[in-house]
Amino acid sequence: MKVAIVGGGIIGVSTAYYLTLEGHDVTVIEATEIAAAASGKAGGFLARDWCRGPLDALAKLSFGLHASLAEEHGNPWEYRPLTAISGVHVPEHDTYTDKEVTWLDGLTQEAEIIGTPDNTAQVTPALFVRGLMQRAEERGATVLKGFAAGVQIEDGAAVGVQLRGGEVVPADRVVLCMGPWSQRATEWAGLEAMPKVDGFKHHSIVMHPSEPDAITAHAVFTSVVFKSKMENPEIYPRPDGSVYMCGVSDPHAPLPEFASEVKVSDPDRVRTTIHGVASNLSSRLKAAPITTVQACFLPSGPDSLPIIGELPTVRNLFMSSGHTCWGILTAPASGLVMAQLISGKKPSVPIDAFSPARFTQS
């Protein structure tokens, strides 16, 4: 079966990977490059038990898949279990050095362990997406650089993807994995009733401490008063010695046409705020050079749950999007269940709660 996937982020790539395991002929259509958007700029934190409701089973399945994928493929994307902690910094309060995480010497109260290597881990997202796409290509998948401009529909069924310029990529099944750019598809003929996915802009920086071995494998979730405002940055040391840190959202920023056009809203403010918070928490991070300042848009559907399944208005047209900040975590399981749906198999976990049909039911 020929399957065309629109979108080369982690959801599209995971879907392609598992479809190739089912023996399908897969083409991933990507306007810029693989992992160009949030999938290449995310923190890569994984938590087995942090999701609630219908997302819980998907997250648990996916957490296990991350470990098995790393083992199977030699772990080129730096998967590792780690400990997660939470901490607080309040100005003009006494600080101390955490006895377990000595590079955090700016906390004003004892850190709390909120995740252990049994249930929290990390990957480096860009490496994960590109590595998984490479494995899919080794099994016959193709990446086609092109701008999707519509879905070819005949007799109420999707039969291909229209590219800007007029070319059509024929397909027996089409899967839209467009993240926040899914909203563009609601303008395509025949897809006006497709669920709307919004994008919310977030920023991050990458630092390179001079003594990376001193930065232990601890994901840090913090509450910090900085310039009279409460900030809640997240810090993820990585195996390559770098430290990723996110903060500063811009929820009303407009989504550009291409992922390559996403720019940092206010580079000076982002750099000053995120690194300023880091400096309050850790003298080692205060001295660390900043090598990257970046932005991305996280996709979210109307009810903040993923949208996974066949669209009720067009046969053979599927959608997988709206995974919010848990996209890296839930991507393997999302790709697996989509491949199972397309192959006529029962999904490994219940996904009725994620069906696109929930937005058309009265």
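Here, every reference points to the structure presented above.
Scoring rules and cut-offs
- Residues numbered from 1 in each chain as written.
- Predicted model: local features only at pLDDT ≥ 70, side-chain atom pairs only at ≥ 80, totals over all residues.
- Heavy atoms only, no water.
- Phe/Tyr/Trp six-rings, centres within 6.5 Å; stacked < 30°, edge-to-face > 60°.
- Helix = DSSP H or I, 4+ residues; strand = E, 2+ residues; numbered from the N terminus.
- Buried < 20%, exposed > 50% of the residue type's maximum accessible area, 1.4 Å probe, protein only.
- Contact = heavy atoms within 4.5 Å.
- Core = buried A, V, L, I, M, F, W, Y, C linked by side-chain atoms within 4.5 Å.
- Pairing = 2+ DSSP bridges.
- Axes fitted to C-alpha atoms, helices over the stretch in contact; angles between N-to-C directions.

(A) Spatial organisation of the packing of aromatic side chains. Within the structure shown, the criterion is met by nine aromatic pairs. Aromatic side chains Phe-45 and Tyr-236 sit 5.7 Å apart centroid to centroid with 10° between the ring planes, which places their arrangement in the stacked category. With Phe-45 in strand E3 (residues 45-47) and Tyr-236 in strand E16 (residues 234-237), this residue pair connects regions lying 191 residues apart in the sequence. Assessed through its relative accessible area of 8%, Phe-45 is described here as buried.

(B) Molecular detail of the environment of Leu-127. Its place among the elements puts Leu-127 in helix H4 (residues 125-138). C-alpha of Leu-127 to C-alpha of Ser-86: the two residues are 41 residues apart in sequence and 27 Å apart in space. Leave out the neighbours within four places in its chain, and Leu-127 touches Pro-76, Trp-77 and Glu-78.

(C) Spatial organisation of the nonpolar core. Counting 61 residues, the largest nonpolar core has Ile-5, Phe-45, Leu-46, Trp-77 and Val-175 as its most contacted members. For this core, the element with the highest residue contribution is helix H8 (residues 327-342), accounting for nine residues. When neighbours within four sequence positions are excluded, Phe-45 is seen to be in contact with Trp-50, Leu-82, Ala-84, Thr-120, Ala-121, Ala-219, Phe-221, Tyr-236, Trp-326 and Leu-329. Listed in part, the 53 residues of the second largest apolar core include Val-101, Val-151, Met-194 and Ile-205.

(D) Quick look at the sheet that holds strand E11 (residues 168-170). Strand order across the open sheet formed by three strands is E9-E10-E11, with antiparallel pairing between neighbours. Since the sheet does not close on itself, it has two edges, and those belong to strand E9 (148-154) and E11, each with one partner. Taken over all neighbouring pairs, the strand axes of this sheet differ in orientation by 35° on average, direction set aside. When E9 meets strand E10 (residues 157-163), the two strands line up antiparallel, connected through six bridges. Paired with Ile-153 across the strands is Ala-158, a residue of E10.

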